[in-house]
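Results of the structural survey
The primary structure of each chain is shown beneath.
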Number of protein chains: 2
Amino acid sequence: MPKKKPYCECLNTVKPVRDTLEVINGKWKLSIIISVGVGNSRFTEIQESIPGLTPKVLSKELKELEQHQLIKRIITNDYPVKISYCLEPYADTLTPIIYAMKDWGLNHKKKIFQER
Amino acid sequence: MPKKKPYCECLNTVKPVRDTLEVINGKWKLSIIISVGVGNSRFTEIQESIPGLTPKVLSKELKELEQHQLIKRIITNDYPVKISYCLEPYADTLTPIIYAMKDWGLNHKKKIFQER
DNA sequence: TATTTCGCTTTCCTTTAGGAAATAGCTATA
DNA sequence: TATAGCTATTTCCTAAAGGAAAGCGAAATA
């Protein structure tokens, strides 16, 4: 008879969740995707739409989101050159996560409020 | 005619998403909830079920999850005293987020694999 | 011509997350 | 009695995230 109960396997769920977290981790990535998704396409627009977001952080996050093929950087070669950002189709696959998190956050606020 | 197009409002989504992130942020919290959810209830079991998780971090995260009423710490006063952890009912509300992230992670792996 | 705006980049700094290792108090087992 | 296991805690450290502020080149505006 074995002394120790072996732990329950959970890696089949833990691993993919962690893979996801590696892409959308941090304080800002989802917010940026949401902002671009609702129509903000210029650097300054995105920055202004998200309180507290500094240009340095926005610049860095946009690059990472580009690398993950979630956001596209578009340079129009007309005169004058303009830079804009839009969502890649792949970003749409994040919609269920974003909605689940939005719903949870709204419900959580309500819960916190009731407890006071 | 105004020169500047005003940015699009996105705070109605951005804010609750950020509220959610404040609760489940970091590398480990969701993994710990998953692990406890599948039946790991002892400190060491949880730790062993999640590769790379150190006792210090587990200890800290468990406290935070307790404060957010997602995990319950149970002390059995029998002899010998045992400590175990289980999910609070409130943790079940995270299920949609966890499944959405699991699905996304699995799909993302597939996508990355195809591209190589 | 001077000033402002845009889309960043750079520098500097602080805070936080997280890892490694040792340890402690208790119980269990040999 | 000695050793091992459980549930952490503590200390020390590094790396990464993130914030504040300045600046820069090109273009637009006054």
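Residues numbered from 1 in each chain as written. Chains lettered and ligands numbered in written order. Predicted model: local features only at pLDDT ≥ 70, side-chain atom pairs only at ≥ 80, totals over all residues. Heavy atoms only, no water.

1. Some points on the overall build of chain A
Assigned secondary structure in chain A consists of 5 helices and 2 strands. The helix and strand sequence of chain A, counted from the amino end, reads α-α-α-α-β-β-α. A compact globule built from 116 residues should have a C-alpha radius of gyration of about 13 Å, whereas chain A, at 19 Å, is more than 25% larger. For chain A, the spread of C-alpha atoms along the three principal axes comes to 80 × 40 × 25 Å. (Helix = DSSP H or I, 4+ residues; strand = E, 2+ residues; numbered from the N terminus. Rg over C-alpha atoms; globule rule 2.2 N^0.38 Å.)

2. Digging into the pattern of salt bridges
Considering all chains together, one arrives at 10 salt bridges over all chains under this definition. The residue K29(B) makes a salt bridge to E64(B) at a minimum N-O spacing of 3.0 Å. In this pair, K29(B) is assigned in helix α2 (residues 29-37) and E64(B) in helix α4 (residues 55-67), connecting sequence segments 35 residues apart. For E64(B), a relative accessible area of 25% translates into the label partly exposed. The network of salt bridges with common partners includes K29(A), K60(A), E61(A) and E64(A). (Salt bridge = Lys/Arg side-chain N within 4 Å of Asp/Glu carboxyl O. Buried < 20%, exposed > 50% of the residue type's maximum accessible area, 1.4 Å probe, protein only.)

3. Brief notes about the protein's contact with DNA strand D
Around DNA strand D, 20 residues are found, and the nearest of them are K56(A), R42(B), S59(B), R73(B) and Y85(B). Among atoms of DNA strand D positioned within 4 Å of the protein, sugar and phosphate together represent 65%. A distance of 2.3 Å separates a phosphate oxygen of DNA strand D from a polar atom in the side chain of Y85(B). Those elements that provide at least two residues to the surface near DNA strand D are α4 (55-67) of chain A together with α3 (43-49), α4 and β2 (82-87) of chain B. With 4 residues, α4(B) is the single largest residue contributor to the surface near DNA strand D. Across the surface near DNA strand D, the residue classes break down as 8 nonpolar, 3 polar and 9 charged. (Near = heavy atom within 4 Å. Polar contact = N/O pair within 3.5 Å; in protein donor to acceptor, adjacent residues only side chain to side chain. Nonpolar A, V, L, I, M, F, W, Y, C, P; charged D, E, K, R; others polar.)

4. Overview of the protein's contact with DNA strand C
Around DNA strand C there are 21 residues in total, and R42(A), S59(A), R73(A), Y85(A) and K56(B) lie nearest to it. Counting only atoms of DNA strand C within 4 Å of the protein, the sugar-phosphate share comes to 64%. Between DNA strand C and S59(A), the relevant distance is 2.4 Å, taken from a phosphate oxygen to a side-chain nitrogen or oxygen of the residue. Contact distances for DNA strand C include 3.1 Å between a phosphate oxygen and a side-chain N or O atom of K63(A). Taken together, the elements giving at least two residues each to the surface near DNA strand C come down to α3 (43-49), α4 and β2 (82-87) of chain A together with α4 of chain B. With 4 residues, the top contributor of residues to the surface near DNA strand C is α4(A). Grouping the constituent residues of the surface near DNA strand C by class yields 8 nonpolar, 4 polar and 9 charged.

5. Regarding the relation of the copies chain B and chain A
Structural alignment of chain B on chain A gives an RMSD of 0.0 Å, achieved by rotating through 180 degrees and translating 0.0 Å along the axis. Such a turn and shift between the copies fits a two-fold axis. The rotation axis passes nearest to the C-alpha of I97(B) in chain B, at a distance of 3.0 Å. Looking at the interface residues of chain B, 100% of them are also at the interface in chain A, so both copies use one shared face. (Least-squares fit on C-alpha atoms with pLDDT ≥ 70 in both. Contact = heavy atoms within 4.5 Å.)

6. A few points about helix α1 (residues 11-24) of chain B
In this model, α1(B) (14 residues) spans 20 Å end to end at C-alpha, consistent with the 20 Å of a helix rising 1.5 Å per residue. Those residues of α1(B) that fall on the buried side of the exposure criterion are T13(B), V14(B), P16(B), V17(B), T20(B), L21(B), V23(B) and I24(B). Structurally, α1(B) contributes buried residues whose contacts are with α2 (29-37) and α5 (95-115) of chain A together with α2 and α5 (95-115) of chain B. Downstream of α1(B) by one or two residues, G26(B) has phi in the positive range, about 85 degrees. (Expected span 1.5 Å × (residues − 1).)

7. Points about the confidence of the model for chain A
Model confidence for chain A is summarised by a mean pLDDT of 92, while 95% of its residues fall at 70 or above. Within chain A, strand β1 (residues 71-76) of chain A has the poorest average pLDDT of any element, 92, and α2(A) the best, 97. (pLDDT = per-residue confidence, 0-100.)

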